[in-house]
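# Understanding the architecture of this molecule
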Amino acid sequence: MWKPILRTLLFLLFWQTAQGQVAQDCSQAIPICSNTPINGGTNGFGTDDFNGASSSGCLEQTTTGAIESNSAWYRFRTAEAGQLGFNIGHNSNEDWDFALYRATDCNNLGDPVRCNFFDNSENTSFIGVGEDPTGDEDSVHYEDWLQVEAGEDYYLFINNFSNINSGFSIQFTGNVWVDYPNSALDCSIVSNLLGPPITVCEVETVVLDATTSGASGYEWYRDGGTGFQLISGAAGATYTVPDSGTYRVVVLTSAENIVSDVQVGFNEVPVTGMLTDETLCFEPDMTFDLNVKNAEAIGGMDADAVIVSYHGTQADANAGVAPLDRNHLLSAGSETIYVRTTSLANPDCYDASQSFAINAITTPVLTFDEQVVICEAVGTLEIGETQPNADYTYQWSSGEQTPSILVSGAGEYVLTATHQSNGIVCEATRTVVVEISTMPQISSIDIADMSVNNSVTINTESDGTYEFSLDGTDFQSSNVFQGVPPGLHTVRMRDLYGCGEVEEEIVVVGFLSAFSPNGDVLNETWQIEGLSTLNSPIVTIYDRYGKLIKQMNEFDAGWDGNFQGKPLPSTDYWFKLSYIDADGNRTVAKYLQSHFSLRR
């Protein structure tokens with residue numbers, strides 16, 4: 001379970017010794033129509049209101065063998081419609097359970113409409129309906145809000161399982177309590193002369209009124225934990241309460257004496273400490289942990305007695321609504337955060353007089369490319385911020401103090417952008433890696449031929465990053481093309497960064513690297529396969545001295561190794577292949593391995 005800073009409530013707050021009003025039996029349930037002060041605790045359960053049952057809703061039998069162990073019963077009636085909840089505040093080392101029944105008769109409670117029976121292993125300080133006031137959204141000790149209509153009667157059963165307890169208080173919450181703070185509950189059900197239990201803030205005045213027709217006198221008593229003591233000098237029909245305690249009035253009449261008790265609890269009003277403004281470097285999607293301001297807001301107060309909330313407007317802070325998420329999403333600029341400190345014993349006691357500013361100084365955002373290429377033919381390139389912010393200063397690792405610079409050499413260039421405001425320096429750096437790309441150039445083309453599907457490899461000695469295409473197909477990073485049929489083809493090579501493109505026409509044909517015209521029928525002639533794919537091809541063969549030995553076209557059967565009817569010696573011979581190109585010009589095929597061997 002989440003452990004908030006509010007692990008235990010103020011010791012004195014929940015360990016008051018003044019005995020409060022507690023009813024052990026449903027039939028004697030105390031009628032209430034407002035928040036109650038901390039009572040003196042529960043001890044035992046009187047009559048078994050569940051008649052030996054083993055369960056009631058989520059409630060199960062306790063160590064007593066009954067559902068009840070140390071019980072208290074209250075009843076209330078709604079006077080308005082809306083969302084209703086309540087907090088039962090207690091000491092964090094105690095285990096409390098509750099069940100809420102919509103019923104008008106203790107003998108017919110039915111199933112509870114809200115119920116909680118979790119043990120308090122998390123050491124929480126609240127159980128109830130609605131929202132945990134400590135901000136714990138995942139607390140298992142809270143049930144869903146209750147939607148009520150006017151005129152509904154409810155019985156609230158609160159039971160201490162641990163048998164050791166210092167009492168509890170009840171605080172009503174929900175929209176109906178916000179919309180109708182003075183009439184959400186029906187006070188006509190309270191028949192006690194002095195009314196229901198009273199809980200107020202220390203700055204408020206409480207006047208108890210016991211005015212009774214025909215009274216001959218009044219006696220006022222106070223129990224601060226040691227029993228009722230007569231209050232000297234208090235003899236009127238009203239009494240202004242000076243401090244917390246249980247008060248009793250004895251009304252003297254000729255017929256009888258009327259006795260009425262009421263518990264009154266005064267709660268301390270928090271005093272929020274002054275908070276310092278926060279100035280920080282802002283980045284997109286940045287959050288600010290508002291919890292870091294809690295210590296300043298609490299100041300000298302007991303951290304276990306108050307809760308701190310933060311709001312976007314003064315009106316929200318005053319009303320205690322729309323608290324900001326503790327991980328507050330920031331935006332660039334200045335924002336005022338309004339702070340509210342609220343008594344955990346009584347949410348009506350609060351202070352919303354303080355605020356602080358968050359000055360979010362924009363950290364420069366550098367978005368230019370981190371890797372660029374300079375085309376060798378161009379020579380220079382501008383890098384850096386081309387749309388600079390006038391509020392920023394710029395510094396390059398190369399010494400320049402401008403948002404962008406012209407570079408001509410390869411290397412790493414680092415730009416630092418600085419935004420300084422309110423004594424805060426916000427910086428961002430970005431590194432540009434510059435490379436030089438040379439004009440693409442095909443140095444050679446390897447053709448693996450003598451097959452129906454040949455391979456073509458484009459070679460280059462240029463320094464750059466290139467891609468390749470054959471016969472207008474999509475460019476590819478590989479310089480090898482497989483399955484190339486014989487014939488005339490166009491290869492293209494281009495720089496990946498747009499620094500240039502070259503195109504070459506190649507001929508894919510097949511020929512033997514050696515032949516042996518020795519009469520064994522194998523490789524008796526040398527010829528080029530695939531000439532039929534070319535326009536008017538001519539093959540010319542030369543010896544090592546450049547003497548023309550043989551000229552052939554696609555219709556010749558090949559060269560038999562003779563010149564003018566005489567066999568030539570075993571050695572290497574050279575050849576050229578020419579053809580008519582698309583423009584009607586005779587062109588010599590490039591990149592062919594232009595020699596072969598004659599062997600006798």
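That block above? That's the structure.
Overview of the structure. By convention here, each chain's residues receive numbers from 1 onward along its written sequence. Per-residue local features are limited, in this predicted model, to residues with pLDDT of at least 70; the limit for side-chain atom pairs, both in listing and counting, is 80 or more; totals at the level of whole chains, interfaces and linings are taken over all residues. Just so you know, side-chain values use all the structure's heavy atoms and leave hydrogens and water out.

### Notes on the overall build of the protein
Along its length, the protein carries 4 helices and 47 strands. Expressed as a percentage of the 600 residues in the protein, the buried residues total 46%. Here, residues are in contact when the closest pair of their heavy atoms is within 4.5 Å. Here the analysis covers contacts within the protein between residues at least 6 apart in sequence; of these, 64% occur between residues at least 24 apart. By element, 46% of the accessible surface of the protein is carried by carbon and sulfur atoms, the whole surface being about 28,700 Å². Every helix listed is a DSSP run of H or I at least four residues long, and every strand listed is a run of E at least two residues long, numbered separately from the N terminus. Under the scheme applied here, a residue whose accessible area is under 20% of the maximum for its type counts as buried, over 50% as exposed, and between as partly exposed, the area being computed with a 1.4 Å probe on protein chains only. Note on areas: Shrake-Rupley with a 1.4 Å probe; residue coverage comes only from the protein chains shown.

### A short note on the packing of aromatic side chains
By convention here, two paired aromatic rings are described through the distance between centres and the angle between planes. Within 6.5 Å between ring centres, the rings of Phe, Tyr and Trp (the latter by its six-membered ring) count as paired, and their orientation is classed by plane angle as stacked under 30 degrees, edge-to-face over 60, tilted in between. One pass over the structure, following the stated rule, counts 25 aromatic pairs. On the numbers, 5.1 Å between centres and 50° between planes, the contact of Trp526 with Phe575 is tilted. Residue Trp526 is located in the loop between strand S39 (514-515) and strand S40 (528-529), and its partner Phe575 is located in strand S45 (residues 571-580); the two are separated by 49 residues in the primary sequence. Just as Trp526 is buried, Phe575 falls in that class too. Seen in terms of ring centroids, Phe575 and Phe596 are 6.3 Å apart; in terms of plane orientation they differ by 45°. Their pairing is tilted. With a gap of 21 residues between them, Phe575 in strand S45 and Phe596 in strand S47 (residues 595-598) connect regions that are remote in the sequence. By relative accessible area, which is 1% here, Phe596 ends up buried. Above the ring of Tyr350, the side-chain terminus of Arg340 is found at 3.7 Å from the ring centroid. Put simply, a charge is over a ring when the Lys NZ or the Arg CZ is close to the ring centre, within 6 Å, and near the line of the ring normal, within 35 degrees. Between the NZ or CZ atom of Arg430 and the centre of the ring of Phe368, over which it lies, the distance is 5.7 Å.

### Section: the side chain of Ser260
By the secondary structure assignment, Ser260 is in strand S19 (residues 257-267). A distance of 2.5 Å separates polar atoms of two side chains, one belonging to Ser260 and the other to Asn192. With residues near it in sequence (within four places) discarded, Ser260 still touches Asn192, Leu193, Leu194, Tyr247, Arg248 and Val249. Within 3.5 Å is the distance limit for a polar contact, defined as a pair of N or O atoms, with the added protein rule that one can donate a hydrogen and the other accept it, and that residues adjacent in sequence qualify only through two side-chain atoms.

### Things to note about the nonpolar core
Core analysis: the biggest nonpolar cluster contains 29 residues, and Tyr74, Phe86, Ile158, Ile170 and Phe172 have the highest contact counts within it. Secondary-structure elements contributing two or more residues to this core are strand S4 (71-77), strand S5 (82-90), strand S6 (96-102), strand S8 (126-129), strand S10 (146-148), strand S11 (153-160), strand S12 (168-173) and helix H2 (175-179). Setting aside its immediate chain neighbours within four residues, Ile158 contacts Asn70, Ser71, Ala72, Tyr74, Ile88, Trp96, Asp97, Phe98, Phe168 and Ile170. Counting 23 residues, the second-largest nonpolar core is a separate cluster that includes Val509, Trp526, Leu592 and Phe596. By nonpolar core is meant a set of buried Ala, Val, Leu, Ile, Met, Phe, Trp, Tyr and Cys residues that side-chain atoms within 4.5 Å join together.

### Points about the pattern of salt bridges
Salt bridges, as used here, are contacts in which a Lys or Arg side-chain nitrogen is within 4 Å of a carboxyl oxygen on Asp or Glu. Taken as a whole and judged by the stated rule, the model has 11 salt bridges. The partner of Asp261 in a salt bridge is Arg248, and the shortest N-O contact between them spans 2.7 Å. Here Asp261 is found in strand S19, whereas its partner Arg248 is found in strand S18 (residues 245-253), with 13 residues between them in sequence. Judged by relative accessible area, Asp261 falls into the partly exposed class, the value being 22%. Of the charged contacts, one joins Arg492 and Glu501 as a salt bridge, the two residues approaching to 2.4 Å between their closest N and O atoms. A network of salt bridges, in which partner residues are shared, links Arg77, Asp153 and Asp186.

### Quick look at the state of the cysteines
Note on terminology: pairs of cysteine sulfur atoms within 2.5 Å are recorded as disulfides. Taken as a whole and assessed by the stated rule, the structure comprises 6 disulfides. Disulfide partner of Cys375: Cys499, at an S-S distance of 1.9 Å. Taking the torsion about the sulfur-sulfur bond, which here is approximately -85°, the covalent link between Cys375 and Cys499 counts as left-handed. Of this pair, Cys375 sits in strand S26 (residues 371-375) while Cys499 sits in the loop between strand S36 (487-495) and strand S37 (501-508), and the two are 124 residues apart along the sequence. Across this residue pair, the class does not change: Cys375 and Cys499 are buried. Look at the protein and number its bonded cysteines as they come in the sequence; the links are 1-4, 2-6, 3-5, 7-9, 8-11, 10-12.

### As for the sheet that holds strand S13 (residues 198-201)
Following DSSP output, two strands are said to pair if at least two bridges run between them. Taken together, 5 strands build an open sheet; the order of strands is S13-S19-S18-S15-S16 and the sheet is mixed. With one partner strand each, in any of the chains shown, S13 and strand S16 (228-230) form the two edges of the open sheet. Recorded for the sheet is a direction-independent mean angle of 30° between the axes of neighbouring strands. One ladder, built from 3 bridges, connects strand S15 (residues 215-223) with S16; its direction is antiparallel. Following the sheet pairing, Tyr221 is matched in S16 by Leu230. Comment: axis = line fitted to C-alpha atoms, over the contacting stretch for helices; angle = value between 0 and 180 degrees taken between N-to-C directions.

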